[in-house]
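Tertiary structure, described
Residues per chain are reported as follows:
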Amino acid sequence: MPTLTIDGKTVTVPEGATVLQACEQAGSPVPFYCYHPGLSIAGNCRICLVEVEQSPKLPIACYTPAAEGMVVHTTSDKVLKARQDVLEFLLINHPLDCPVCDQAGECWLQDYYMNYGLYNPKFDEEKVKKPKAVPIGPTVMLDAERCILCSRCVRFCDEITKTGELGIFNRGDHSEIGVAPGKELTNDYSGCTVDICPVGALTDRDFRFKCRVWYLGSTKSVCPGCSMGCNIEIHDNRERKERPHVAQGARVMRLKPRYNADVNQWWMCDAGRYGYKAIDEQRLTTVQHRNGHGHQTSTWSDALDLLASTLRRLQEARQMDRAGVILSTQLTNEDLYVAKRVAQALGIRNVAVQGPARPGRQDDFLMKADTSPNTRGAQALGLSLDAAGLFARAARGELTTLYVCGPDVIEAYGQAAADQVKNCVELFVYQGSNAGGSVQAAHLVLPAAVYAEKDGTFTNDQGRVQRIRPAFAPLGEAKPDWQIWTELAARLEVPVSFTDAAAVFADLAAREPAFKGLTYEIIGDAGALLKA
Ligand code: SF4
Ligand code: SF4
């Protein structure tokens, strides 16, 4: 555990730490481009030069081990001059693209030049021209002129995905990043190369020119794409609501991975990254009631009155065994818990949770075959995962009321089975966020909020309970599932009443042994494990 002095401050750092890490720990961060804590050290950008007393040259902080007794200066005249010079070299052939570059606003070349630049460049020769706006795969666009050859993207493909699509070709000032002839950047995590590119050389083909980054709002959340539960930031265009294409209010512009040492570190897969588009596909925004003329727009009040009166009749006839509830592993712990409590209070024993219709792709990195975010949460709440059995009972005519929340049962069981259920049950309620085949089969359609519109928690396959938060309000008349269940409970005089997701979770943690002792504060940004 070496102790060193950095800008006059004494710090003790773990054995094996570098000067760069020691500087960060001391509160004197040094700039860097090629260094990334998740990749090997390349030491090629040279911007992290620092002054170490007794050392004749300025060493690069990212590669220099922190040693006992070192005295380091990060802002001496020598260091600041060296940084200016490094920036001049990096910018020799860099185009003056900032006004038209999609990275503007989150470009480390811009940021460092503002902080450390010369502001009076000496280079007045012709710049070397390189290819611009070349698609190098389905998700990534390369502008070779903007590349500073830090090799982060190359190391990512070599060390993390081990797919090796990228390389540095040619020599000298004609060196440029690229894919080998005939190859494409097609690995399952290709979007991460955009995340780690410190400049505008690699941009996201999906996000480019959709929104200037200074208009983006950011919300900490969790990817619902699979049971890994990668930590993400939802970036939405809340600051640009006046624009016609966002007339419905803020929507998701992009997802970015959020660091969590115990889950996804710095990364996320492309399926999760671009999965956000599905949340607005065929979005359900109104309450609908099917009568003889097809679906008609209804109101929350009428729809919940109808559902409540149907359940009350079954209760009075002591026939609650003819009511069934199918929940979803896409729902939050809070949604599942409130549904379970209300169903229990009403005496509905036929409650089951539907998982994904089919397994997804699994790898040995992040992607899991279970493409739902909360299977473990449903299990921890003691809910049955035999939705198929319950659905089959409905298709055999053993149920008169079926209330489906979340899963598109058509996708899971097919249109013929759903049509049969529709004909067998007296009331088929579909509560969900997007119109699948179930909507056509349902008598009542209740619009539910998507994960980006609600507060709550998912439990990933490690048993880690993690927070999701609303980036914006639900579209149209949609509401969070737990809230719909509480409004139904109020009509049936069931004492299950909550004002927000935090209150639901507090009650859940008090009553459910697996969640005992957990609070939103304890879960924080990194999540907390279920009790064993
Ligand atoms: S494309 Fe970006 S990440 Fe890759 S070497 Fe160039 S600057 Fe670095
Ligand atoms: S691995 Fe799973 S949780 Fe992570 S980003 Fe991909 S789909 Fe989302």
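Residues numbered from 1 in each chain as written. Chains lettered and ligands numbered in written order. Predicted model: local features only at pLDDT ≥ 70, side-chain atom pairs only at ≥ 80, totals over all residues.

1. Here's the deal with the overall build of the protein chain
Looking only at helices and strands, the protein chain features 16 helices and 22 strands. Counting only C-alpha atoms, the protein chain reaches 90 × 50 × 40 Å along its principal axes. Counting only residues that meet the buried cut, the protein chain has 45% of its 532 residues in that class. Relative to all contacts within the protein chain whose residues are 6 or more apart in sequence, the contacts with residues 24 or more apart total 67%. (Helix = DSSP H or I, 4+ residues; strand = E, 2+ residues; numbered from the N terminus. Buried ≥ 20, exposed ≤ 12 C-beta atoms within 10 Å, placed from the backbone. Contact = placed C-beta atoms within 7 Å.)

2. Regarding the site of ligand 1
All residues in the neighbourhood of ligand 1 are listed as Cys147, Ile148, Leu149, Cys150, Ser151, Arg152, Cys153, Ile177, Cys197, Val199, Ala201 and Leu202. When its residues are assigned to classes, the shell around ligand 1 shows 10 nonpolar, one polar and one charged. (Near = placed C-beta within 6 Å. Nonpolar A, V, L, I, M, F, W, Y, C, P; charged D, E, K, R; others polar.)

3. Describing the sheet that holds strand E21 (residues 464–468)
The strand order E20-E21-E22 describes an open sheet built from three strands, whose pairing is antiparallel. Among the strands making up the open sheet, the edge pair consists of strand E20 (456–459) and strand E22 (528–529). Pairing of E20 with E21, which is carried by four bridges, proceeds in the antiparallel orientation. Bridge pairing links Gly456 to Ile468 in E21. With respect to the sheet, helix H8 (residues 333–346) is in contact with E20 and E21, its orientation differing from that of E20 by roughly 100 degrees. (Pairing = 2+ DSSP bridges. Axes fitted to C-alpha atoms, helices over the stretch in contact; angles between N-to-C directions.)

4. Focus: the nonpolar core
Grouped together as the largest cluster of nonpolar side chains are 145 residues, with contacts concentrated most on Phe32, Cys48 and Leu327. Ranked by residue count, the leading element in this core is H8, at seven residues. Setting aside its immediate chain neighbours within four residues, Phe32 contacts Leu20, Cys45, Ile47, Cys48 and Cys62. (Core = buried A, V, L, I, M, F, W, Y, C linked by C-beta atoms within 7 Å.)

5. Structural notes on the packing of helix H7 (residues 300–316) against helix H14 (residues 481–491)
Remark: H7 packs on H14, axes separated minimally by 9 Å, with the N-to-C direction vectors making an angle of 60 degrees. When the axis of H7 is compared with that of H14, the two are oblique. The interaxial crossing formed by H7 with H14 has right-handed handedness. Contacts between H7 and H14 involve Leu304, Asp305, Leu307 and Ala308 from the first element and Glu487, Leu488 and Arg491 from the second. Across the contact of H7 with H14, the residue classes tally to four nonpolar, no polar and three charged. (Parallel < 35°, antiparallel > 145°, perpendicular 65-115°, else oblique. Left-handed = near helix turned anticlockwise from the far one by under 90°.)

6. Remarks on the domain arrangement of the protein chain
Split by domain assignment, the protein chain resolves into domain 1 (3–91), domain 2 (134–280) and domain 3 (288–529). A C-alpha centroid distance of 33 Å is found between domain 2 and domain 3. Contacts between the two partners involve 28 residues from domain 2, matched on the other side by 29 residues from domain 3. Of all the secondary-structure elements, those providing two or more residues to the side of domain 2 that touches domain 3 are strand E10 (217–222) and strand E11 (231–236). (Domains from an automatic or database assignment.)

7. As for H7
An α-helix turns once per 3.6 residues; consequently, residues spaced three or four apart project the same way. For H7, spanning 17 residues, the distance from its first C-alpha to its last is 24 Å, which sits close to the expected 24 Å at 1.5 Å a residue. Among the residues of H7, Ala303, Leu304, Leu307, Leu311 and Leu314 are the ones counted as buried. The arc enclosing the buried residues of H7, seen along the axis, measures out at 90 degrees, which places them on a common side. Facing away from the buried side of H7 by over 90 degrees, the exposed positions are Ser301, Asp302 and Glu316. Two residues or fewer after H7 comes Arg318, characterised by a positive phi angle close to 50 degrees. (Expected span 1.5 Å × (residues − 1). Arc of directions from axis to C-beta.)

8. Quick notes on the environment of Ile148
Topologically, Ile148 is positioned in the loop between strand E6 (140–142) and helix H4 (152–160). Exposure remark for Ile148: the 24 C-beta atoms within 10 Å place this residue in the buried category. Between the C-alpha atoms of Ile148 and Val199, which are 51 residues apart in sequence, the distance is 7.7 Å. In this view, Ile148 contacts Tyr33, Cys45, Leu90, Leu109 and Val199; residues no more than four positions away in its chain are not counted.

9. What about the packing of H8 against H14?
Direction vectors running N to C along H8 and H14 enclose 20 degrees, while the axes themselves pass 8 Å from each other. Taken together, H8 and H14 sit at an angle that is classed as roughly parallel. The chirality of how H8 crosses H14 is left-handed. In this structure, H8 contributes Glu334, Asp335, Val338, Ala339 and Val342 to the contact, and H14 contributes Asp481, Trp482, Trp485, Thr486, Leu488 and Ala489.

10. Some words on the pairing of strand E7 (residues 166–169)
Alignment of E7 against strand E8 (residues 176–179), held across four bridges, turns out to be antiparallel. Following the sheet pairing, Ile168 is matched in E8 by Ile177. Between E7 and the antiparallel strand that follows it, E8, lie six residues; Asn170 among them carries a positive phi value of about 70 degrees.

11. A short note on the sheet that holds strand E3 (residues 51–52)
Pairing is mixed across the open sheet formed by four strands, whose spatial order is E2-E1-E4-E3. The strands lining the two open edges of the sheet, one partner per strand, are strand E2 (9–12) and E3. As paired elements, strand E1 (residues 3–6) and E2 share four bridges and run antiparallel to each other. From the neighbouring strand, Thr3 faces E2, where its bridge partner is Thr12.

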